[in-house]
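# Tertiary structure, described
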Amino acid sequence: MPTITVEGPPISIESKRELVSRLTEAATDVYQIPHITVLIKENPPENVGVGGQLLADRQE
């Protein structure tokens, strides 16, 4: 069973529903099987660093 993992900033439950639906539809079309698992891993800005700086600090 294919698994899709998405890591990104926190999003609303409505956005998660849409993301899971669209990813599942695309993967089902490609794999031609109905069983696709989607995992959403949310990373708040204080847990992500880019260029030696936390995203939380860059947003200020």
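The coordinates are above.
Read on for a plain summary of the structure. (Residues numbered from 1 in each chain as written. Predicted model: local features only at pLDDT ≥ 70, side-chain atom pairs only at ≥ 80, totals over all residues. Heavy atoms only, no water.)

## Side note on the pairing of strand β1 (residues 3-8)
Examined bridge by bridge, β1 and strand β2 (residues 37-42) share six bridges and lie parallel to one another. Considered in β2, the bridge of Thr5 is made with Leu39. Chirality of the crossover, the property in question, places the unit of β1, helix α1 (residues 13-31) and β2 among those that are right-handed. (Pairing = 2+ DSSP bridges. Helix = DSSP H or I, 4+ residues; strand = E, 2+ residues; numbered from the N terminus. Right-handed = clockwise from strand over helix to strand, strands pointing away.)

## Observations concerning the pattern of salt bridges
In this structure the tally under the stated criterion is two salt bridges. Glu42 serves as the salt-bridge partner of Lys16, at 3.1 Å between the closest nitrogen and oxygen. Linking Lys16 in helix α1 with Glu42 in strand β2, this pair joins segments that are 26 residues apart in sequence. Of the residues examined, Lys16 reaches a relative accessible area of 23% and is grouped as partly exposed. Given the relative accessible area of 33%, Glu42 is considered partly exposed. With its nearest N and O atoms 2.5 Å apart, the salt bridge here joins Glu18 to Arg22. On the criterion of helical spacing, the pair formed by Glu18 and Arg22 is a turn pair, its members being four residues apart in helix α1. For Glu18, a relative accessible area of 41% gives the class partly exposed. (Salt bridge = Lys/Arg side-chain N within 4 Å of Asp/Glu carboxyl O. Buried < 20%, exposed > 50% of the residue type's maximum accessible area, 1.4 Å probe, protein only.)

## Structural notes on the environment of Tyr31
Inspection of the secondary structure assignment puts Tyr31 in helix α1. In this view, Tyr31 contacts Pro2 and Ile36; residues no more than four positions away in its chain are not counted. (Contact = heavy atoms within 4.5 Å.)

## A closer look at a nonpolar patch on the surface
A cluster of nonpolar side chains, Val30, Tyr31 and Ile33, forms an exposed patch at the surface whose accessible area comes to about 320 Å². Relative accessible area serves as the criterion here: at 51%, Tyr31 is assigned to the exposed category. (Patch = residues over 30% accessible without salt bridge, like charges linked within 9 Å, V, L, I, M, F, W, Y side chains within 5 Å. Areas by Shrake-Rupley, 256 points an atom, 1.4 Å probe, with all protein chains shown as cover.)

## Description of the environment of Pro34
Here Pro34 lies in the loop between α1 and β2. On a C-alpha basis, the gap between Pro34 and Met1 in space is 9.0 Å, while along the polypeptide they are 33 residues apart.

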